[in-house]
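Report on the structure
Residue strings, one per chain:
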Amino acid sequence: MYSKDLGNLAEILYQRGHLKPSFRGQYTYYQVRDCEAFKRDLITIDESFRDLQQLLSLYEKGNDISRAEMASYNGNSKIRSKRTFNGFMINSYTPIYALLNHKEYNVMPTEGTFTFVYDWQNFSIPESVVIIGIENPENYEKIRLQKKIFERAVEKVTGDKNTPVLFVSRYPQENSSSDLRKWLMSIPNRYIHYGDFDLKGIDIFHTEFYKYLGDRSTFLIPDNIEQLIAKGIGERYNSQYKYRGIKSPLEDVQSLIDLINKYKRCYDQEGLEL
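As a starting point, this report considers the structure included with it. This structure is a prediction, so every number in the text was calculated from the model and none was measured.

**With respect to the packing of aromatic side chains**
Taken as a whole and judged by the stated rule, the model has 10 aromatic pairs. Residues Phe 88 and Trp 183 carry aromatic rings whose centres are separated by 5.2 Å and whose planes lie at 40 degrees to one another, so their mutual orientation is tilted. Pair noted here: Phe 88 is in strand E3 (residues 88-91) and Trp 183 is in helix H7 (residues 179-186), with a separation of 95 residues, a long-range link. Each ring, one from Phe 205 and one from Phe 219, has its centre 5.5 Å from the other, and the planes form 65 degrees; the classification is edge-to-face.

**What to know about the pattern of salt bridges**
Under the defined criterion, the tally for this structure stands at 11 salt bridges. Ionic pairing is found between Glu 226 and Lys 262, a salt bridge with its closest N-O pair at 3.5 Å. Taken together, the residues span a long stretch of sequence, with Glu 226 in helix H9 (residues 225-230) and Lys 262 in helix H11 (residues 251-263) at a distance of 36 residues. Note that Asp 268 and Arg 236 form a salt bridge whose closest N and O atoms lie 2.7 Å from each other. Of the two residues, Asp 268 is situated in the segment after H11 and Arg 236 in helix H10 (residues 234-239); the sequence distance between them amounts to 32 residues.

**Details of the pairing of strand E4 (residues 96-100)**
Note: E4 against strand E5 (residues 103-107), five bridges, orientation antiparallel. Paired with Ala 98 across the strands is Tyr 105, a residue of E5. Turn length for the E4-E5 hairpin, with the two strands adjacent in sequence and antiparallel, is two residues, and the turn residue Asn 101 shows positive phi of about 55 degrees. Of the pairings in the sheet, the one linking E4 to strand E7 (residues 123-124) comprises two bridges and is antiparallel in character. Across the sheet, the residue bridging to Leu 99 is Ser 124, located in E7.

**Topic: the sheet that holds strand E11 (residues 217-219)**
Here six strands make up an open sheet; going across it, the order is E6-E3-E9-E8-E10-E11 and the pairing mixed. Looking at strand neighbours, the two that pair on one side only are strand E6 (115-117) and E11, the edges of this open sheet. Across the sheet, the axes of successive neighbouring strands diverge by a mean angle of 30 degrees, strand direction being ignored. In this sheet, strand E9 (residues 165-170) lies alongside strand E8 (residues 130-134) in parallel orientation, the contact comprising four bridges. Within E9, the residue paired with Ile 131 across the bridge is Leu 166. Across the sheet, helix H6 (residues 147-158) lies against E8, E9, strand E10 (191-194) and E11, angled at about 135 degrees from E8, the strand it touches most. Taken strand by strand, helix H8 (residues 199-213) contacts E9, E10 and E11, and its axis lies near 170 degrees from that of E11.

**Observations regarding the sheet that holds E7**
With antiparallel pairing, the three strands of this open sheet are ordered in space as E5-E4-E7. Edge strands, defined here as strands with exactly one partner in the open sheet, are E5 and E7.

**Focus: the environment of Leu 184**
Among the structural elements, Leu 184 can be located in helix H7. Note: C-alpha distance between Leu 184 and Leu 213 (29 residues apart in sequence) is 7.6 Å. Those residues in contact with Leu 184 that sit more than four places away from it in its chain are Ile 131, Tyr 191, Phe 209, Leu 213 and Arg 216.

About the thresholds
Residues numbered from 1 in each chain as written. Predicted model: local features only at pLDDT ≥ 70, side-chain atom pairs only at ≥ 80, totals over all residues. Heavy atoms only, no water. Phe/Tyr/Trp six-rings, centres within 6.5 Å; stacked < 30°, edge-to-face > 60°. Helix = DSSP H or I, 4+ residues; strand = E, 2+ residues; numbered from the N terminus. Salt bridge = Lys/Arg side-chain N within 4 Å of Asp/Glu carboxyl O. Pairing = 2+ DSSP bridges. Axes fitted to C-alpha atoms, helices over the stretch in contact; angles between N-to-C directions. Contact = heavy atoms within 4.5 Å.

Structure, rendered in structure tokens:
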């Protein structure tokens, strides 16, 4: 298995919520939240991960593993990610009256649960509902604790902080999952993207959402963003050198880019005070 494949796997596991970040000074550390859930989900990513001990043995051998040797461990010389579900997750802290297969459906998951919509082609919501897409699983779990942040973001878009909001999250959350974007393209609702405050996060917003949704999509930017960026992570900024020339047609997003380049720091959305 090549180092690039391992990097992609780590990104998938982070996006699925298995790796919990913690902040110590300018550094970010990650730990596995639940080892058993972590092992189970490896199998859903690829059947060849069924025997975790064999997988770890492959890792220890480094980058010089032959295809034949890899096949001897897992019976498959083509280790690749594969999607297990179509669709995306939805959540709300106020009732959303929707239609699913032309039947009325009340979106109001019990706290501690999400709803997964797999038949997204036949799912619709009132045009007045604002959709907020959350990239990070940890923040998606805590929408009720961040209600004031979302009310302020919605007020900027609609003028009314009490506008109903539907929260969505891609699954799997790597960029290859396009079901959410296709659904957003099929409806007229406003979309607010809630990602990390770094250059890569802005690039994801531009290429995965704004490119297709245009001016009915915006990027969630807190009022105190400059203070947050000023105490952010310098290491993250240094690692994202390939995005430093990024520009945005949106004035507020370009201002965010300028702040990131000014302080040479980035800020994770998990760091926002709840």
